[in-house]
Amino acid sequence: MSLVRRATGVLGELMITAGVLILLFVGWQLWWTDVSANAAQAGTVRVLEHDFDAPLVAGRPVTPITAEPRAHLTEVPLGRAFAIVRVPRWGKDYARPMLEGTDHDVLTKGVGHYPGTAMPGAVGNFAVAGHRTTYGRPFHDIGTLRTGDVIIVETRSSYLVYSVQRHGIVTPDHVEVVAPVPQHVGQQPTQKWMTLTACHPEFSASHRYVVFAKMVRAIPRSEGLPASYLHVSAKGA
Amino acid sequence: MYGPLWRRLPGSWPLRCLEAGLLLLAVVGVCFLWVFPVVADHLPFNDNTIGGQTGSHPSPPPARPSSSTPQ
């Protein structure tokens, strides 16, 4: 076998291998990240639920997965899960963990809170990011949210009920959407906002789909979440 | 490339098939668990944050109102 023929053969095999590896990567990204992230995020939610309930049930200090049991969370270390997000529009059982930080690693584990923005229930803008595709895609259906839809942020102390006000599609440099008063840089906040960001269009990083919500009610955890909040009214759908 | 590898596998051909399958599975496993997550860190199409700080590095404080684009 001549040297050229042999080199061509090896080159061909290498190219086929590269092609197969790329296909394998696509499969991993589109399928496997969802499978593994969904399982992991559901696990985190279970741990949080258990953890949130622990002091109520046992009447003892809490296990240390989340921050201190205060009326308002103040600061949470990067990467730590501290709340559960429920969006009835996306299903009665929809529940995702909320973690501190928005880097790649954090966002594979749930919804990420922009560090430096307000904490849930506080005056200002509680800004969060989530994947719309891959890694369990917590914000896959962000485009289905309508004005008046409810987003429930469950912390150790309360259920914080946010109501969707409006949405926008912006390029990623529009940082004013996470400003204390969304889209009004420099204004002093008096209300409790929440901003959700996800990629737009799906599978693209060119734009961001942004939803703005305002807190309408804070319910102490001990009172429980009224079941009516978990039903999505047909209005506005 | 694959020819010499096949010839190097010990045993009869059914056994070699099994060995080749196991090798393939090992490669897929290594890719899924270690290689692809690292590669994905460096690809742009999973970004979903404002201010472009999604990445393998910790994010800087996001909303610097002074640096934002006026509307």
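Scoring rules and cut-offs
Residues numbered from 1 in each chain as written. Chains lettered and ligands numbered in written order. Predicted model: local features only at pLDDT ≥ 70, side-chain atom pairs only at ≥ 80, totals over all residues. Helix = DSSP H or I, 4+ residues; strand = E, 2+ residues; numbered from the N terminus. Buried ≥ 20, exposed ≤ 12 C-beta atoms within 10 Å, placed from the backbone. Contact = placed C-beta atoms within 7 Å. pLDDT = per-residue confidence, 0-100. Pairing = 2+ DSSP bridges. Axes fitted to C-alpha atoms, helices over the stretch in contact; angles between N-to-C directions.

A. Structural context of unusual backbone geometry. Residue and element names in this part refer to chain A. Following His200, the chain continues to Pro201 via a peptide bond in cis, the omega torsion being -10 degrees. By secondary structure assignment, the location of Pro201 is in the loop between strand S7 (192-200) and strand S8 (207-220). Of note in the backbone geometry, Tyr135 takes a positive phi value of approximately 55 degrees without being a glycine. The topology assignment puts Tyr135 in the loop between strand S4 (124-129) and strand S5 (150-154). Despite not being glycine, Gln183 has its phi angle at roughly 70 degrees, a positive value. Here Gln183 shows up in the loop between strand S6 (158-170) and S7. Judged by local crowding, Gln183 falls into the buried class, with 20 C-beta atoms found within 10 Å.

B. Representation of the environment of Ser204 of chain A within the structure. Locating Ser204 of chain A in the fold gives a position in the loop between S7 and S8. Judged by C-beta crowding, with 13 C-beta atoms within 10 Å, Ser204 of chain A ranks as partly exposed. In this structure, the C-alpha to C-alpha distance between Ser204 of chain A and His113 of chain A, residues 91 residues apart in sequence, is 21 Å. In contact with Ser204 of chain A, not counting residues within four places along its chain, are Cys199 of chain A together with Phe45 of chain B.

C. Broad picture of the confidence of the model for chain B. Residues and elements named next belong to chain B. Model confidence for chain B is summarised by a mean pLDDT of 75, while 72% of its residues fall at 70 or above. A low-confidence stretch, residues 53-71 stays under pLDDT 50, and its non-local contacts, those more than four residues away or across chains, total 50 contacts. The ipTM, which scores confidence in the relative placement of chains, is 0.73 for this predicted complex, and the corresponding pTM is 0.81.

D. Representation of the environment of Arg221 of chain A. With respect to the helices and strands, the residue Arg221 of chain A is situated in the segment after S8. Expressed as a C-alpha distance, the spacing of Arg221 of chain A and Leu160 of chain A, which sit 61 residues apart in the sequence, is 9.4 Å.

E. Fine view of the pairing of strand S2 (residues 95-100) of chain A. All names here are of chain A. Across the 6 residues that make up S2, a large majority, 6, are buried. Burial along S2 is two-sided: Ala95, Pro97 and Leu99 facing one way and Arg96, Met98 and Glu100 facing the other are all buried. Relative to S2, strand S1 (residues 81-86) is paired through 5 bridges, and the arrangement is antiparallel. Each residue of the ladder has a partner; that of Ala81, found in S2, is Leu99. By the bridge criterion, 3 bridges tie S2 to strand S3 (residues 111-113) in an arrangement that is parallel. The residue bridging Met98 from the neighbouring strand is Val111, located in S3.

F. Region of interest: the sheet that holds S7 of chain A. All names here are of chain A. Strands sit in the order S1-S2-S3-S4-S7-S8-S6-S5 around a closed barrel of 8 strands; the barrel is mixed. In this sheet, adjacent strand axes meet at a mean angle of 30 degrees when their direction is disregarded. Here S1 runs beside S5; their pairing, made up of 3 bridges, is antiparallel. When the sheet's bridge partners are listed, Arg86 is paired in S5 with Ile152.

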